[in-house]
Amino acid sequence: MRSGRLLCAAAAAAAAAGLLLASTGASAAGNEYTIGFINSLTGPASALGIPYQKGLKIAEAYKSTLNGRKIKVIEMDDGSNPTTAANDARKLIEVDHVDLLMGTAPTPSGIAVSAVASAHQTPFITDAQVVPYNKANSWTVNTPQPAIIVVQRVVYRMKENGVKSVGYVGFADAWGDEVYDTLRESDKDQGDFMKVTSNQRYARSDTSVSGQVLQVISTHPDAVMVGGSGTPGALPYIELARLGYKGQLYGTHAFMDEGFQKACGPACNGMIAASGPIEIARELPDSNPCKAISLEFRDMYKKMFHASLPAAFASYPFDSYLTFLNAAKRIPKNVEPGTQAFRTDLKDAIQTTKNLVGTQSVYNYTPGHLYGASKKEIFVVKMENEVWHLDPEHAAKS
C-alpha cells in the first residue's frame, strides 16, 4: 500500500504511464482489483483519518484476494482539504485506473470526491456522510449511519429525560449543518417539544471555543448538543465543564472514538449519544447479528495495534471493504477489473447489496436510497469514565 503525497517527478512519470496504459486499452485489466483510498492522515481531520487507516489495514489482513485476484489498495492523504481530496480522486481514476474509490474522513472532502466519482463514473463508498438521506447519487453510497436516524434516537431520549430547551454548537462545515438541521427536524417529528436556543459554530482547527460556549450558556438551555466529531469535538464539552455548566450533554455517533473519549475525560461523564454495535458489542445479546463480526474486528484490532478498544471510526472502512467484497464477487467473472464495464457493474452490485452483516449494521442498499445502515442497529449509549456503555435505560427497553 502506498501512502502520502507523491513527488512531482513521480507523479509526472505515473501520469505518463497512465496515458500509455490508456492508449493500449488498459492492458493491466483483469490482473487485480484496485481500490483508491483517500484519507485525512494530516490536518484537523486526522483524528478521524488515522483510525480510518487502521480499519483499512485490518480489512486488507482480513481478505487480500478475491476470485483468484489480488486486491491492491492505493492510499493518498488529502490533508483534510476538499480540493486536495478531489485532485487525489482524479489522479486515482485517470492515472491509476482504480475500480473503486473509498474514504475520506471529513464530510466536505467526501462531497468533493463524490462529485469527481460521479463525473468519472467510478463507484465511491464513502466513510463520510455526503449523500443527503432522502436523495440518490448514482455513483456514491454511504457507510456511516445517516445523521437523521442517529439524532432522532438522541432527541427521543431528550424527550424522555424532560429536556425542554437545547443549546447547539457544532463545526462550521457541512457536518455541523447536518447535525443542526437534523436536530431541528427530529424535534418537529416528535411534536416540537423543545426549543433550540443557539446555533454556534467553530472550525475543526480551532483551539478555543470559549466565546461560542458562553453564548450557548447565556441562553440557559436544559441540555447541550454538539455537532462535532473526533478529538476536535471534545472542545465544547471541556469548556462547558470548565464554566460549570450542569445541564445534560448529548452527542452523536461521531464521538465513538478513543481519541475523543480521552480528550474529553471527566467533562463527558454522563453524556448520552447514539451508536452502532461496534462500541458496545460485548454488552449486546448473542442474538444480535453484528455481535460476532464486531468482536472479531475488535480482536484483530487488538492484535495489530496493541490497543484494548478500537476507535469506532476504524470500523467504517472495514465495513466499506466488506461491501466491496460482497459486490465484486457478484460480478460475472468475464467482466474484468480495470475496465469501465467492471466499474459500472460494481456500482450496480453495490447498490443492490442485501443483508450484508458488518460491524456497524446489517447493510441494505437500493438505487434510490443510498444509506445502507439500519435503524435497528442504533443504540443509546452513555459515557462513564472515558468508556461508552449501553445505556441501562435502553437495555431495559430492548
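Here the structure is a predicted model, which means the values were calculated and not measured. Throughout, a residue's number is its position along its own chain's written sequence, starting from 1. With pLDDT at 70 or above as the cut-off, local features in this predicted model cover only qualifying residues; side-chain atom pairs require 80 or more to be listed or tallied, and sums for whole chains, interfaces and linings still use all residues. As a rule here, side-chain values come from all non-hydrogen atoms in the structure, and water together with hydrogens is ignored.

## Considering helix α5 (residues 147–160)
Moving on, step 1. Only DSSP runs of H or I covering at least 4 residues are called helices, and only runs of E covering at least 2 are called strands; the numbering of each starts at the N terminus. A helix is expected to span 1.5 Å for every residue after the first. Taking 1.5 Å per residue as the helical rise, α5 with its 14 residues ought to reach 20 Å, and the 20 Å between its terminal C-alpha atoms agrees with that figure.
Moving on, step 2. A simple rule labels every residue: compare its accessible area, found with a 1.4 Å probe on the protein chains alone, to the largest value its type can have, and call it buried under 20%, exposed over 50%, or partly exposed in between. All of the buried residues in α5 are Ala147, Ile148, Ile149, Val150, Val151, Val154, Val155, Arg157 and Met158.
Moving on, step 3. Gly162 occupies a position one or two residues after α5 and carries a positive phi of about 80°.

## Things to note about the sheet that holds strand β6 (residues 140–142)
Moving on, step 1. Taken in spatial order, the six strands make up an open sheet running β2-β3-β1-β4-β5-β6, and their pairing is mixed. Unpaired on one side and paired on the other, β2 (65–66) and β6 mark the two borders of the sheet.
Moving on, step 2. One requirement defines pairing of two strands: DSSP has to find at least two bridges between them. Of the pairings in the sheet, the one linking strand β5 (residues 124–126) to β6 comprises three bridges and is parallel in character. For Thr126, the partnering residue across the bridge sits in β6 and is Asn142.
Moving on, step 3. With respect to the sheet, helix α4 (residues 107–119) is in contact with β1 (32–39), β4 (100–103), β5 and β6, its orientation differing from that of β5 by roughly 170°. Pairs of residues are marked as contacts when any of their non-hydrogen atoms sit within 4.5 Å. Every axis corresponds to a line fitted to the C-alpha atoms, with the helix fit spanning only the stretch in contact, and the corresponding angles, defined between N-to-C directions, vary from 0 to 180 degrees.

## A closer look at the state of the cysteines
Each disulfide consists of a covalent bond between the sulfur atoms of two cysteine residues.
Moving on, step 1. The disulfide criterion is simple: two cysteine sulfur atoms within 2.5 Å. In this structure the tally under the stated criterion is one disulfide.
Moving on, step 2. Each disulfide pairs two cysteine sulfurs, and for Cys264 the partner residue is Cys268, the sulfurs being separated by 2.0 Å. For the disulfide bridge between Cys264 and Cys268, the dihedral angle about the S-S bond is near 65°, and by the sign convention the bridge is right-handed.

## Here we look at the pattern of salt bridges
Moving on, step 1. When a carboxyl oxygen of Asp or Glu is within 4 Å of a side-chain nitrogen of Lys or Arg, the pair counts as a salt bridge. Counted by the stated rule, this structure contains nine salt bridges.
Moving on, step 2. With a shortest N-O distance of 2.6 Å, Glu239 and Arg242 are connected by a salt bridge. Of this pair, Glu239 and Arg242 both sit in helix α8 (residues 235–242), separated by three residues, roughly a single helical turn.
Moving on, step 3. Looking at Arg242, the relative accessible area reads 59%, which means it is exposed.
Moving on, step 4. Close ionic contact of Asp286 with Lys291 constitutes a salt bridge, the shortest N to O distance being 2.9 Å.
Moving on, step 5. According to the relative accessible area criterion, Asp286 is exposed, its value standing at 70%.
Moving on, step 6. One connected set of salt bridges, linked through shared partners, spans Arg157, Glu160 and Asp391.

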